[in-house]
Amino acid sequence: MSGSSPSWMSGARSGQSGSAWMVLAALAFALLSVFVKLGSRHFDPVELLFYRTLIGALGLALIMAWRRETPATPNWSGHLRRTLLGYLSMACLFFAVSRLPLATAVTLNYTSSLFFALTCMIVFREIPSRNVLVSLVVGFAGIVWLLRPTFSAQLWQAGLAGLMSGALAGVAVFQVRELGRMGESAERIVIWFFSLSTAIGAVLVLATGGFHPVAMSDLPVLFGIGASGLIGQLAMTQAYKVGRKYRVASLAYLCVAFSAVLGAWIWGDALTLSGLFAIGLIVAAGLLSGRRS
């Protein structure tokens, strides 16, 4: 017998690894939202986004230097597309959050998994399995149920921006997966995204009034934003690189469930039976996506 694992076993391990990375990413991004909420008392959203990418870029640069890895790449155009898509998605989300009820903006942003699946269907001309389609719909239904969004027809511009944040995020995630298929490491993909985003963020902050003073008491929150953002970005990138794309996309919904639990624990946000049912739908969607998908 050969010492290597059968192909089906390698595929199973790869799928499980991708799922585990996405669960870690969802938890990290939920923690990121906690730190952002804490930091929003003293800093503007664009500033917090700047610190997120700056601290992440510096931390990752040290890691790559220690491992003697280089950010040099022949796929710079792909990194540029990924950065522009990702930053525009975040910019649209911030605009939507500033004009819409938070629940509405977040729900619209979490259509990203649906847009990712749609992008794959268009580019690869493939039809996802029934389980995948059902899991995506069930997951999004759980998000809508949990957040209970409201929408005003008078705010259609902000609503469109929120929807665009989800669409752009879905295409950006597709670009992340394509860069992984080109052989780019998760670290290289993220260092390009963070570095270019930091440059864009610095210009925007300076153009909109400049930076607020940073006190010693602000450092733990800013470090938390940078660290959780870096871990989440690396884990998400690795998940889409090695995992089954539709399963990974569905597991992204877990971020909402983690955020709801953290909100109840830290700020005492009530978790009603209805909320627990919604979280159950989100988790069920992730489990369903793993069946022959």
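Sequence order as written defines residue numbering, which begins from 1 separately in each chain. Per-residue local features of the predicted model are confined to residues with pLDDT of at least 70, and side-chain atom pairs are confined, for both listing and counting, to 80 or more; whole-chain, interface and lining totals are unaffected and use all residues. Each side-chain value is worked out from all heavy atoms of the structure, with water and hydrogens disregarded.

S.K.: Which parts of the structure should I look at to understand the overall build of the chain?
M.R.: What counts as a helix is a DSSP run of H or I of at least four residues, what counts as a strand is a run of E of at least two, and both are numbered from the N terminus. A count of helices and strands for the chain gives 12 helices and zero strands. Moving toward the C terminus, one meets the helices and strands of the chain in the order α-α-α-α-α-α-α-α-α-α-α-α. Accessible area is worked out with a 1.4 Å probe on protein chains only. A residue is then buried under 20% of its type maximum, exposed over 50%, and partly exposed in between. Relative to its full complement of 293 residues, the chain shows a buried share of 46%. Only heavy atoms matter for contacts: two residues are in contact if any of them lie within 4.5 Å across the pair. Taking contacts inside the chain between residues at least 6 apart in sequence as the whole, the part at least 24 apart equals 89%.

S.K.: Can you help me understand the packing of aromatic side chains in this one?
M.R.: Aromatic rings considered in pairs are described by the distance between their centres and by the relative angle of their planes. For Phe, Tyr and Trp, rings pair up if their centres lie within 6.5 Å, where Trp contributes its six-membered ring, and each pair is then called stacked (planes under 30 degrees apart), edge-to-face (over 60) or tilted (otherwise). Under the defined criterion, the tally for this structure stands at six aromatic pairs. Relative to Tyr-51, the ring of Phe-43 lies with its centre 5.9 Å away and its plane at 70°, an arrangement referred to as edge-to-face. The exposure class of Phe-43 is buried, given its relative accessible area of 4%. Owing to a relative accessible area of 11%, Tyr-51 belongs among the buried residues under this scheme.

S.K.: What should I look at first to understand the pattern of salt bridges in this one?
M.R.: If charged atoms from side chains of opposite charge come close, those side chains can pair. Salt bridge criterion: a side-chain nitrogen from Lys or Arg within 4 Å of a carboxyl oxygen from Asp or Glu. All told, the structure shown has four salt bridges when counted by the stated rule. Among the salt bridges present, the one from Arg-67 reaches Glu-187, with a minimum N-O distance of 3.4 Å. Taken together, the residues Arg-67 in the loop between helix H2 (45-66) and helix H3 (76-99) and Glu-187 in helix H8 (residues 186-207) connect sequence positions 120 residues apart. Judged by its relative accessible area of 16%, Glu-187 is buried.

S.K.: Explain the packing of helix H7 (residues 156-181) against helix H9 (residues 219-242) here, please?
M.R.: Two quantities define a packed helix pair, namely the angle between the helix axes and the distance between the axes. Angles here are taken between N-to-C directions and fall from 0 to 180 degrees, while the axes themselves are lines fitted to C-alpha atoms, restricted in helices to the stretch in contact. Closest axis-to-axis distance for the H7/H9 pair is 8 Å, and the angle between their directions is 65°. Between H7 and H9 lies a crossing whose hand is right-handed. Between H7 and H9, the residues in contact are Val-173, Val-176, Arg-177 and Gly-180 and Met-236, Thr-237, Tyr-240 and Lys-241, respectively. Across the contact of H7 with H9, the residue classes tally to four nonpolar, two polar and two charged. For a crossing to be left-handed, the near helix must be turned anticlockwise from the far one by less than a right angle; the clockwise case is right-handed. Following the grouping adopted for this structure description, the nonpolar residues are Ala, Val, Leu, Ile, Met, Phe, Trp, Tyr, Cys and Pro, the charged ones are Asp, Glu, Lys and Arg, and the polar ones are all others, Gly among them.

S.K.: I would appreciate a short explanation of the confidence of the model for the chain in the present structure.
M.R.: Low-pLDDT portions of the prediction should not be read for the details of their coordinates. Residues at a pLDDT of 70 or more form 87% of the chain, whose mean pLDDT is 80. As a per-residue measure, pLDDT reflects the predictor's confidence and takes values from 0 up to 100. Every residue in residues 1-12 scores below 50 in pLDDT, and together they form four contacts with partners more than four places removed in sequence or on other chains.

S.K.: Would you mind showing me how to read the nonpolar core here?
M.R.: If you look at soluble globular proteins, the nonpolar side chains tend to sit buried side by side. The criterion is simple. A nonpolar core is a set of buried Ala, Val, Leu, Ile, Met, Phe, Trp, Tyr and Cys residues joined through side-chain atoms within 4.5 Å. Membership of the largest hydrophobic core comes to 45 residues, with the highest contact counts inside it found for Met-22, Phe-116, Leu-146, Met-236, Tyr-240 and Ile-282. Each residue touching Tyr-240, except ones within four places of it in the same chain, is listed here: Met-22, Phe-116, Val-173, Val-176, Arg-177, Lys-245, Val-248 and Ala-249. Core analysis: the next-biggest nonpolar cluster, separate from the first, contains 13 residues, Ala-186, Val-190, Phe-193 and Leu-234 among them.

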